[in-house]
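Results of the structural survey
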Amino acid sequence: MTSRARRRATVSMLVSAAAVGLVFGSAPQAAAQPPTPHRVDQLGDIVYDQLFTVGVQVYERVETRRQTVYAPQPVTNYIPVLRRLHSPREGKPGSLRYGFLGSPLPEAFATQGTLGRSSARLGTGHIVTLNPRTLGPSDHYSQLCVSDPLDGRRIGPLAGGSLALWCPS
């Protein structure tokens, strides 16, 4: 099997997995504890290595920012901050990793996050482009959104994944 054929097969499997997640995403779950997200061990994870080969955009959660919003009552929002990894050997061992298909994403960004408590989930909505070195605000505005079609479920060796698509302002 050629390298190109392997890449097509792997991308096809990822898209199929996402489609299965979309179809079964609303299945009822037990009220027990949510599953613990898988943390990538950087040594010997062949499936993880292949994600880079087939062009999946892989990001590492570098921090979670806590923000309180007062509208109309105080609510705490936990905002994931992600930085792009360019090879399987980059990043902090044991960190949460996410894969994205679709539009090219910036080097670093923050997602909408989750309300009430910190979670491995990314949240759904517009992303905020960040400076990849300082993780501070960037001069660039993004018209991209991420969605959580698998409702926070793991994707293979990743803690989660998403589609990156253009969304209206």
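Nothing here was measured: the structure is a model prediction, and the numbers come from that model.

Focus on the pattern of salt bridges
Following the criterion strictly, the structure yields two salt bridges and no others. Close ionic contact of Arg89 with Asp49 constitutes a salt bridge, the shortest N to O distance being 3.4 Å. Linking Arg89 in the loop between strand E2 (74-85) and strand E3 (97-102) with Asp49 in helix H2 (residues 46-53), this pair joins segments that are 40 residues apart in sequence. Note that Glu63 and Arg65 form a salt bridge whose closest N and O atoms lie 2.9 Å from each other. By relative accessible area, Glu63 is classed as partly exposed at 31%.

Points about the confidence of the model for the protein
A residue-level look at the protein finds 73% of positions with pLDDT of 70 or above and a mean pLDDT of 78. Taken element by element, the predicted model of the protein shows its lowest mean pLDDT in helix H1 (residues 3-24) (43) and its highest in strand E4 (residues 108-110) (96). Across residues 6-30, confidence stays below pLDDT 50; counting only partners more than four residues off in sequence or on other chains, it has 20 contacts.

Observations regarding the nonpolar core
When a protein is soluble and globular, its nonpolar side chains tend to lie buried together. Residues Tyr59, Leu82, Tyr98, Phe100, Leu105, Phe109 and Ile127 are the most contacted members of the largest nonpolar core, which totals 14 residues. When contributions to this core are tallied by element, the ones reaching two or more residues are E3 and strand E8 (144-147). Sequence-distant contacts of Tyr59, that is, excluding residues within four places in its chain, are made with Leu82, Arg83, Arg84, Leu85, Leu96, Arg97, Tyr98, Phe100, Leu105, Pro106, Glu107 and Phe109. Tyr48, Phe52, Val56 and Val58 belong to the second largest nonpolar core, which has eight residues in total.

What counts as what
- Residues numbered from 1 in each chain as written.
- Predicted model: local features only at pLDDT ≥ 70, side-chain atom pairs only at ≥ 80, totals over all residues.
- Heavy atoms only, no water.
- Salt bridge = Lys/Arg side-chain N within 4 Å of Asp/Glu carboxyl O.
- Helix = DSSP H or I, 4+ residues; strand = E, 2+ residues; numbered from the N terminus.
- Buried < 20%, exposed > 50% of the residue type's maximum accessible area, 1.4 Å probe, protein only.
- pLDDT = per-residue confidence, 0-100.
- Contact = heavy atoms within 4.5 Å.
- Core = buried A, V, L, I, M, F, W, Y, C linked by side-chain atoms within 4.5 Å.

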